[in-house]
Amino acid sequence: MMSERSMILHTVQKGQHALVITHVDPDGDAIGSLTAVGIALKQMGIKATMVCDDAVPTRFSYLSMADAVRSQPDPMIAYDLLIAVDCGDESRMGNAYAHYPNPKPFIINIDHHVTNTHFGDLNLVLGTATSTTEILYGLFKEWELDISSGLASSLLTGLVTDTLGFRTDGVTAVTLHAAANLVDAGADLNKITMRALNVRAFKTIRMWQVGMTHMQIDGGLLWTSINNAERHALDFRGNSSQGLVNMLADVEEASMGAVLMEMDDGSVKVGLRCRPPFDVSEVAVSLGGGGHKLASGCTLDGPLEDAERLLVERCKAAIQRQGSE
Ligand SMILES: [Mn+2]
């Protein structure tokens, strides 16, 4: 029996031109994973196109090959392989996948979301890994791939951002050994922490300000919502709260934190966070979303007031149930 890892290697080596896709509204692990796979395939002499529906945030511009990320696949290329990174389900790939003509290429799904739907033809899903780049690091080591400094920077970026600087629940000695090896290979931990984690756009902090004005606490849930008019007034185009929800969930009196953001189409993007022993993925999954125990998200139908009422009710019930288990 071949292991999943060697089957992936076998499949990748047979490929002519790979399409690599990461999730919409990308974070550091998404862009780190996307560019890491792009760099690795290039080192292996395999053609690849890196795609993300949304533009690479400027704070990740230090990553090699970040400027080669496209917003859609090249229609002139017949891809024979699709590698999805950091995507819990197909919809996370956005239009890059949804608008891809049938038949779709063979899919390799590499991810660390516990709620991953195993949508690939080959699935390397490790819910215990702190980031998708931690999984990729293990994969590349097994393939005995040379970890160049560019590759190390991409991999460490995913580790640093998804662990909020090695502070989250799932961080183990394995994570720290991987990070140390990546620093040895030439990644600059200080620069990555500063650029990918600490530095934020002014409009992000303005968005936090608006969100913090509206925050409410009830039944252990600390939440806030930002409506479409407010989001436009801030010229805030993202659809995640970019750290605001983490801040809310760190409040001592709160068991869970939530941020609701109304989008142009009337739908409401929800970010959820909590501390052990609570589990927000249960709430997110029950509302059609997914993620991790301590960090999840979902999209609700508007209007915003109805979405808010539904979410608050579900979260408060979950807090009561999970707190007494
Ligand atoms: Mn991730």
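Our subject is the structure that appears above.
Summarised in this report is the structure supplied together with it.

### Remarks on the overall build of the chain
Scanning the chain from terminus to terminus reveals twelve helices and eleven strands. In terms of overall size, the chain behaves like a compact globule, its C-alpha atoms giving a radius of gyration of 19 Å where 325 residues would be expected to give roughly 20 Å. Dimensions of the chain along its principal axes, counting C-alpha atoms only, are 55 × 45 × 40 Å. Every one of the 325 residues in the chain was classed for burial, and the buried ones make up 50%. Of the roughly 14,800 Å² of accessible surface on the chain, 51% is carried by carbon and sulfur atoms.

### Structural notes on the sheet that holds strand E4 (residues 106-111)
Judged by pairing direction, the sheet is parallel, and its five strands sit side by side in the order E2-E1-E3-E4-E5 without closing on themselves. Of all strands in the sheet, those bounded by a partner on one side alone are strand E2 (47-51) and strand E5 (122-125). Each strand axis lies, on average, 15 degrees off the axis of its neighbour in the sheet, ignoring direction. In the packing of helix H1 (residues 4-14) onto the sheet, the strands contacted are strand E3 (81-85), E4 and E5, and the crossing angle to E5 comes to about 130 degrees. In this fold helix H2 (residues 28-43) packs onto strand E1 (17-22), E2 and E3, with an angle of close to 165 degrees to the strand it touches most, E1.

### Focus: the packing of aromatic side chains
Each pair of aromatic rings is reported with the distance of its centres and the angle of its planes. This structure, assessed with the given rule, holds two aromatic pairs. Relative to tyrosine 100, the ring of tyrosine 79 has its centre 6.4 Å away and its plane inclined at 50 degrees; by these criteria the two rings are tilted. Here the residue tyrosine 79 occupies a position in the loop between E2 and E3, and tyrosine 100 occupies one in the loop between helix H3 (95-98) and E4, the gap between them amounting to 21 residues. Of the two residues, tyrosine 79 and tyrosine 100, neither departs from the other in class, the shared state being buried. Centroid distance phenylalanine 140 to tryptophan 143: 5.8 Å. Interplanar angle 50 degrees. Geometry classified as tilted. Using a relative accessible area of 2% as the deciding quantity, one classes phenylalanine 140 as buried. Judged by its relative accessible area of 14%, tryptophan 143 falls in the buried class.

### Section: the packing of helix H5 (residues 149-162) against helix H7 (residues 189-198)
Between H5 and H7, the shortest axis-to-axis distance is 10 Å and the interhelical angle comes to 60 degrees. Between H5 and H7, the angle falls in the class oblique. In the crossing of H5 with H7, the sense of the turn from one axis to the other is right-handed. Listed contacts from H7 to Ser153, Leu156, Thr157, Val160 and Thr161 of H5 are Leu189, Ile192, Thr193, Ala196 and Leu197. Here the contact of H5 with H7 is built from residues that sort into six nonpolar, four polar and no charged.

### Notes on the environment of glutamate 252
Structurally, glutamate 252 is set in the loop between helix H10 (244-249) and strand E8 (256-262). You can call glutamate 252 exposed: its relative accessible area is 71%. Counting along the chain gives 32 residues from glutamate 252 to glycine 220, while the straight-line C-alpha distance between them is 9.8 Å.

### A word on the pattern of salt bridges
A complete count under the given rule lists six salt bridges for this structure. The salt bridge involving glutamate 142 is made with arginine 5; its shortest N-O contact spans 3.5 Å. Of the two residues, glutamate 142 sits in helix H4 (residues 132-142) while arginine 5 sits in helix H1, which places them 137 residues apart along the sequence. A salt bridge links lysine 316 to aspartate 218; the shortest N-O distance between them is 2.7 Å.

### With respect to unusual backbone geometry
Cis peptide bonds are those with omega within 30 degrees of zero, and the linkage from proline 276 to proline 277 qualifies with 10 degrees. Tracing the backbone shows proline 277 in the loop between strand E9 (268-274) and helix H11 (280-286). Cis rather than trans, the peptide bond between glycine 302 and proline 303 has omega equal to -5 degrees. Assignment of secondary structure puts proline 303 in the loop between strand E11 (295-300) and helix H12 (304-323). One non-glycine residue, aspartate 86, lies in the positive phi region at around 65 degrees. For aspartate 86, a relative accessible area of 1% gives the class buried. The phi dihedral of aspartate 235 falls on the positive side, at around 55 degrees, and the residue is not glycine.

### Some details on H4
Most of H4 sits inside the fold, with eight of its eleven residues counted as buried. Among the residues of H4, Thr132, Thr133, Glu134, Ile135, Leu136, Tyr137, Leu139 and Phe140 are the ones counted as buried. One or two steps after H4, the chain reaches glutamate 144, where phi turns positive at roughly 55 degrees.

### What to know about the side chain of threonine 22
Positionally, threonine 22 belongs in strand E1. Only 3.4 Å separates the side chain of threonine 22 from the backbone oxygen of alanine 30, close enough to count as a polar contact. Apart from residues no more than four positions distant in its own chain, threonine 22 is found in contact with Ala30, Leu34, Val51, Cys52, Val85, Asp86, Cys87, Arg92 and Met93.

Basis of the calculations
- Residues numbered from 1 in each chain as written.
- Predicted model: local features only at pLDDT ≥ 70, side-chain atom pairs only at ≥ 80, totals over all residues.
- Heavy atoms only, no water.
- Helix = DSSP H or I, 4+ residues; strand = E, 2+ residues; numbered from the N terminus.
- Rg over C-alpha atoms; globule rule 2.2 N^0.38 Å.
- Buried < 20%, exposed > 50% of the residue type's maximum accessible area, 1.4 Å probe, protein only.
- Areas by Shrake-Rupley, 256 points an atom, 1.4 Å probe, with all protein chains shown as cover.
- Pairing = 2+ DSSP bridges.
- Axes fitted to C-alpha atoms, helices over the stretch in contact; angles between N-to-C directions.
- Contact = heavy atoms within 4.5 Å.
- Phe/Tyr/Trp six-rings, centres within 6.5 Å; stacked < 30°, edge-to-face > 60°.
- Parallel < 35°, antiparallel > 145°, perpendicular 65-115°, else oblique.
- Left-handed = near helix turned anticlockwise from the far one by under 90°.
- Nonpolar A, V, L, I, M, F, W, Y, C, P; charged D, E, K, R; others polar.
- Salt bridge = Lys/Arg side-chain N within 4 Å of Asp/Glu carboxyl O.
- Polar contact = N/O pair within 3.5 Å; in protein donor to acceptor, adjacent residues only side chain to side chain.

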